[in-house]
Amino acid sequence: MNNNDNIYSLAAVGVQQLIPYKAGKPIEELERELGLTQIIKLASNENPLGPGKKALAAIQAVLPTLALYPDGSGFALKQALAKKYGIHESQITLGNGSNELLELVARTFLTPEHECVFSQHAFAVYPIVTQAIGAKAVVVPALNYGHDLPAMLKAVTDKTRLVFIANPNNPTGTLLSQESLEAFLAALPETCVCVLDEAYFEFVSSTGTINSIAWLQQFPNLLITRTFSKAYGLAGLRVGYGLSNTGLADLLNRVRQPFNNNTLALVAAEAALTDAEHLAQTIAVNTQGMQQLTEGFKKLALEWIPSAGNFVLVDVKQAAQPLYDALLHKGVIVRPVGNYELPNHLRISIGTSEENSVFLKALAETLANV
Ligand SMILES: Cc1ncc(COP(=O)(O)O)c(C=O)c1O
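Residues numbered from 1 in each chain as written. Predicted model: local features only at pLDDT ≥ 70, side-chain atom pairs only at ≥ 80, totals over all residues. Heavy atoms only, no water.

Draft legend 1. Representation of the nonpolar core in the model. Ranked by internal contacts, the top residues of the largest apolar core, which has 56 residues, are Val163, Ile165, Leu222, Phe228 and Leu243. Counting residues domain by domain, this core receives three or more from each of domain 1 (24-50 + 277-368) and domain 2 (53-272). Among the nonpolar cores identified, the runner-up in size contains 29 residues, and Val105, Leu110, Leu248 and Leu342 belong to it. (Core = buried A, V, L, I, M, F, W, Y, C linked by side-chain atoms within 4.5 Å. Buried < 20%, exposed > 50% of the residue type's maximum accessible area, 1.4 Å probe, protein only. Domains from an automatic or database assignment.)

Written as structure tokens, this is what we have:
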């Protein structure tokens, strides 16, 4: 009766073999474990400036209404997004973080008879949502740490229902060109849905332009996912969205739970869209911070992968896990990426200039001691 092991054999086969997602270590956890108080977290690609003032004011204003269920259709937020992108509200699906969209699309299109194609070193949620359903994951070797689109296209078969592409990719920060993506979408069979995961698109500089919205008219099998967790500083509220044609959105909505976005999340996201100042500041801090970190790496004779996101992957030229542990003891949380087949790299989320300085100092000291 108390033997817990039997319950595992009852689970769906894919779930039995699933390796759960490993999130960045929360500050409170490190406080509990090591009794430290001065901790900085550069581990989950969060916004170092926090949420904007407009989002915070919107949250404050709706607190008295919390006894009521949220608007399950997310009407006002969808209207604001539709206006922003020049599309119809029926093309938008709201998610509890863009993670939920990744799961909804997998549940909508994959079965144990189907295959899902994604790249080596791509976002860790793709294998999880695929395997939970028992579909076959087809992992295509990366090219220069990024997606090899021609090889991914070759990996698509009659059984492929889904392709995930992260642009920029997490954790490598690599960015695909507009032309290469368009050629990929044009060549992809219509029987296969392409998820273009643009969680970091606000950080992409004008030189790397991403303009995927226009493709929605052209490709009925395209789902673009974006989020309020990164550039908008609302990771704790969990709001993301999918943009697609109406049919695809209708299918995702059938699977979606009725109140998947809470009231605070809905109003904060809507307000955040109007806060151009906070977004501009966020991007400026990210650009400066990226420069600060990469200059620091240069001084330490370390190489990094040029990143289009709000994080950077640095090659520490040795097993990264012990360095990660040593940094924890100095109150600095970064992200080891051994689970992405990158055992000698650490992923650093860009922080404020003070946080970046603390990290670089801790890294230099740690490297000097190994
Ligand atoms: C590539 C990518 N996609 C999606 C997500 C999911 O973010 P959220 O669920 O907070 O929108 C993340 C978060 O780290 C990510 O890196």
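Following the structure, the description resumes.
Draft legend 2. Expanded view of the domain arrangement of the protein. Once the domains are mapped, the protein shows domain 1 (24-50 + 277-368) and domain 2 (53-272). Taking only C-alpha atoms into account, the centre of domain 1 sits 26 Å from that of domain 2. Counting residues at the interface gives 24 residues for domain 1 and 23 residues for domain 2. It is Ala308, Phe311 and Tyr340 in domain 1 that bury the most area against domain 2; as a group they hold 30% of the surface buried on that side. Along the contact surface separating domain 1 from domain 2 lie 0 salt bridges. On the surface where domain 1 and domain 2 come into contact, there are 8 residue pairs in polar contact (both at pLDDT 80 or more). The set of elements that each furnish at least two residues to the side of domain 1 that touches domain 2 consists of α13 (276-299), β10 (311-315) and β13 (342-349). Tallying contributions element by element places α13 first for the side of domain 1 that touches domain 2, with 5 residues. (Contact = heavy atoms within 4.5 Å. Buried area = accessible area lost by both parts, 1.4 Å probe. Salt bridge = Lys/Arg side-chain N within 4 Å of Asp/Glu carboxyl O. Polar contact = N/O pair within 3.5 Å; in protein donor to acceptor, adjacent residues only side chain to side chain. Helix = DSSP H or I, 4+ residues; strand = E, 2+ residues; numbered from the N terminus.)

Draft legend 3. The arrangement of the site of the ligand in detail. The ligand sits among Gly97, Ser98, Asn99, Phe123, Asn170, Asp197, Ala199, Tyr200, Thr227, Ser229, Lys230 and Arg238. A distance of 2.9 Å is found between an oxygen atom of the ligand and a backbone nitrogen or oxygen belonging to Asn99. A distance of 2.6 Å is found between a nitrogen atom of the ligand and a side-chain nitrogen or oxygen belonging to Asp197. Burial of the ligand by the surrounding chains reaches 95%, relative to a free accessible area of 400 Å². Among the residues forming the shell around the ligand, the class breakdown is 3 nonpolar, 6 polar and 3 charged. (Near = heavy atom within 4 Å. Areas by Shrake-Rupley, 256 points an atom, 1.4 Å probe, with all protein chains shown as cover. Nonpolar A, V, L, I, M, F, W, Y, C, P; charged D, E, K, R; others polar.)

Draft legend 4. The state of the cysteines, seen in detail. In the structure shown here, the tally under the stated rule is 0 disulfides. With no disulfide of its own, Cys192 lies closest to Cys194 among cysteine sulfurs, the gap being 7.2 Å. With relative accessibility at 0%, the residue Cys192 sits in the buried group. Given a relative accessible area of 0%, Cys194 falls into the buried group. (Disulfide = S-S within 2.5 Å.)

Draft legend 5. The sheet that holds strand β8 (residues 240-243), seen in detail. Taken in spatial order, the 7 strands line up as β2-β8-β7-β6-β5-β3-β4 in an open sheet, and their pairing is mixed. Only two strands of the sheet have a single partner each, and these edge strands are β2 (92-95) and β4 (136-140). Within this sheet the neighbouring strands show an average axis-to-axis angle of 20°, counted without direction. Bridge count for strand β3 (residues 115-119) against β4 is 5 bridges, and the pairing is parallel. If you follow Phe118 over to β4, its bridge partner there is Val139. (Pairing = 2+ DSSP bridges. Axes fitted to C-alpha atoms, helices over the stretch in contact; angles between N-to-C directions.)

Draft legend 6. Examining the packing of aromatic side chains more closely. Counted by the stated rule, this structure contains 11 aromatic pairs. The interplanar angle of 25° and the centroid separation of 4.7 Å between the aromatic rings of Tyr69 and Phe259 together place this pair among those described as stacked. One end of the pair, Tyr69, is in the loop between α4 (53-62) and α5 (75-85); the other, Phe259, is in the loop between α11 (246-255) and α12 (263-272), and 190 residues separate them in sequence. Note on Phe259: relative accessible area 41%, which makes it partly exposed. Three or more aromatic residues joined by ring pairs make a cluster, and in this case those are Tyr21, Phe118, Phe123, Tyr126 and Phe164. Note that Arg226 overlies the ring of Phe201, its terminal NZ or CZ placed 3.4 Å from the centroid. Arg347 extends its terminal NZ or CZ atom over the ring of Phe311, reaching a point 5.8 Å from the ring centre. (Phe/Tyr/Trp six-rings, centres within 6.5 Å; stacked < 30°, edge-to-face > 60°. Lys NZ or Arg CZ within 6 Å of the ring centre and 35° of its normal.)

Draft legend 7. Region of the structure containing a nonpolar patch on the surface. Together, Ile7, Tyr8 and Leu10 make up a nonpolar patch on the protein surface, roughly 380 Å² of accessible area in all. Tracing the backbone through its elements, the reader meets Tyr8 in helix α1 (residues 5-10). Note on Tyr8: relative accessible area 55%, which makes it exposed. (Patch = residues over 30% accessible without salt bridge, like charges linked within 9 Å, V, L, I, M, F, W, Y side chains within 5 Å.)

Draft legend 8. Fine view of the side chain of Thr130. Within the secondary structure, Thr130 sits in helix α7 (residues 125-133). Apart from residues lying up to four places away in sequence, Thr130 is in contact with Leu110, Cys116, Phe118, Ala135, Lys136, Ala137 and Phe164.

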